[in-house]
Amino acid sequence: MPPKSSRQFLDRFGAAGSLLCAVHCAALPALLALAPSLGLSFWLSDGVEQAVVVFVTFLGLFSLLWGYRRHRALRALALLVPGLVLLWAGLLNAELHHSRVPHAVVMTLGGALVGLAHLMNLRLNHRHVHDASCAH
């Protein structure tokens, strides 16, 4: 089992990244109007969004499954899975992906759920007590 500090870092990194993603998605409509004049159009491209969703998926699954092995509680995964479903739906559903406001809402909710899942995982790992019922 990796050290506690590594688990905490992954969850904190994942929570911060996911919540920043949620803020990004909520602010996306305003950024779309300002991006060309600020030279930030590249950061709003589909390729960057796809890369972020893939990264968030791998980081979230790795971190929360790692945490699950320790605390055996499904609450964090119950937040992660719907969050990832929303992120992937916003990315892969063409009609939703090309609608500005619905896309921003779905991606914001998905990012928020993934971030909350990481925070829940941190809390569950912090509360874990080693005893005879430990699986590790």
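About the cut-offs
Residues numbered from 1 in each chain as written. Predicted model: local features only at pLDDT ≥ 70, side-chain atom pairs only at ≥ 80, totals over all residues. Heavy atoms only, no water. Phe/Tyr/Trp six-rings, centres within 6.5 Å; stacked < 30°, edge-to-face > 60°. Helix = DSSP H or I, 4+ residues; strand = E, 2+ residues; numbered from the N terminus. Buried < 20%, exposed > 50% of the residue type's maximum accessible area, 1.4 Å probe, protein only. Axes fitted to C-alpha atoms, helices over the stretch in contact; angles between N-to-C directions. Parallel < 35°, antiparallel > 145°, perpendicular 65-115°, else oblique. Left-handed = near helix turned anticlockwise from the far one by under 90°. Contact = heavy atoms within 4.5 Å. Patch = residues over 30% accessible without salt bridge, like charges linked within 9 Å, V, L, I, M, F, W, Y side chains within 5 Å. Areas by Shrake-Rupley, 256 points an atom, 1.4 Å probe, with all protein chains shown as cover. Salt bridge = Lys/Arg side-chain N within 4 Å of Asp/Glu carboxyl O.

If you look the chain up in an unreviewed UniProt entry, it shows as Transmembrane protein from Stenotrophomonas acidaminiphila.

**Notes on the packing of aromatic side chains**
Counted under the stated rule, the structure contains one aromatic pair. Between Phe-62 and Trp-66, the ring centres sit 5.1 Å apart and the planes meet at 50°, which makes this aromatic pair tilted. Note that Phe-62 and Trp-66 are positioned in helix 2 (residues 46-71) at a spacing of four residues, about one turn of the helix. Judged by its relative accessible area of 9%, Trp-66 is buried.

**Regarding the packing of helix 2 against helix 5 (residues 100-127)**
Where helix 2 meets helix 5, the axes come as close as 10 Å, and the angle between the chain directions of the two elements is 25°. Taken together, helix 2 and helix 5 sit at an angle that is classed as roughly parallel. Regarding helix 2 and helix 5, the two cross each other, and that crossing is left-handed. Facing Glu-49, Val-53, Val-56, Leu-59, Gly-60, Ser-63, Leu-64, Gly-67, Tyr-68, Arg-70 and His-71 of helix 2, the residues of helix 5 in contact are His-103, Met-107, Val-114, Ala-117, His-118, Asn-121, Leu-124 and Asn-125.

**Regarding a nonpolar patch on the surface**
Taken together, Phe-9, Phe-13 and Phe-55 make up a surface patch of nonpolar side chains, about 330 Å² in accessible area. Structurally, the position occupied by Phe-13 is in helix 1 (residues 4-38). With relative accessibility at 40%, the residue Phe-13 sits in the partly exposed group.

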